[in-house]
Amino acid sequence: MSPEQSKIQIMEANDGKDLFMQGLFIQGDVKNQNGRVYPKDEIQRAVENVTERLNKGETVMGELDHPESSVVNLANVSHNITSMKWNGDDLVGTVEVLNTPSGNILKELFKGGIKLGISSRGMGSVESMNENGAQEVQDDFELIAFDFVSNPSTHGAFMYPMNEGVENVAVRDTKYGKVEAVINDILRG
């Protein structure tokens with residue numbers, strides 16, 4: 001298999017329908033590419049609210065690309081969030097790509113070797129932190145969704161296919177994955 005072919009390997013369940021992706025969703029206390037800092041305690045509070053919804057059996061969906069609206073448009077849903085957990089200051093999550101028109105586009109993009117990221121969509125106020133233009137997200141932040149995007153604001157927030165929802169695909173063991181890991185380590189300090 002060539003490096004290009006091994007860059008993204010799609011592993012589907014036996015029925016060919018289920019595709020799970022896993023990766024970094026967001027980082028706490030780090031300035032992102034949009035110049036925002038999400039305090040970890042604010043993200044934790046927002047994530048706890050979403051986790052409560054998941055525990056109640058609700059579905060938490062996302063779209064392919066950030067829409068202008070704060071409302072998840074069912075016609076554009078591509079995936080749902082199945083789990084989230086903290087790894088230090090990093091929120092790592094798993095999504096199930098759905099068999100919707102947008103979900104099928106997402107699957108084809110991954111099959112074509114396109115690397116996509118994930119980005120939080122939320123509402124709330126920000127306050128200027130200092131003279132370098134960084135803005136801190138305030139305690140009124142409400143997490144709405146995590147959407148697939150081409151350029152995530154969180155450094156390294158790219159999603160990787162999972163093997164039937166259990167094992168990580170060895171994308172990080174390719175030369176591309178190793179280079180990305182080194183770059184992310186440098187960016188994180």
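Here's what I pulled together on the structure shown here. On a predicted model such as this, the values are computed, not experimentally measured, just so you know.

1. Topic: the side chain of Thr94
Position of Thr94 among the secondary structure elements: in strand β5 (residues 90–97). A polar atom in the side chain of Thr94 sits 3.4 Å from the side chain of Gln22. Excluding residues within four positions of it along the chain, Thr94 makes contact with Phe20, Met21, Gln22, Phe25, Asn80, Ile81, Thr82, Ser83 and Met162.

2. A look at helix α3 (residues 101–111)
Among all positions of α3, only Ser102, Gly103, Leu106, Lys107 and Phe110 are buried. For α3, the angular spread of buried residues about the axis comes to 145°, placing them on one side. Count one or two residues on from α3 and you reach Gly113, which has phi positive near 85°.

3. Focus: the sheet that holds strand β7 (residues 126–128)
Read from one edge of the open sheet, 3 strands run β2-β8-β7, paired in mixed fashion. Of all the strands in the sheet, the pair left with one neighbour each is β2 (36–37) and β7. Both β2 and strand β8 (residues 135–137) contribute to a ladder of 2 bridges, which runs parallel. Bridged to Val37 within β8 is Glu136.

Definitions and cut-offs
Residues numbered from 1 in each chain as written. Predicted model: local features only at pLDDT ≥ 70, side-chain atom pairs only at ≥ 80, totals over all residues. Heavy atoms only, no water. Helix = DSSP H or I, 4+ residues; strand = E, 2+ residues; numbered from the N terminus. Polar contact = N/O pair within 3.5 Å; in protein donor to acceptor, adjacent residues only side chain to side chain. Contact = heavy atoms within 4.5 Å. Buried < 20%, exposed > 50% of the residue type's maximum accessible area, 1.4 Å probe, protein only. Arc of directions from axis to C-beta. Pairing = 2+ DSSP bridges.

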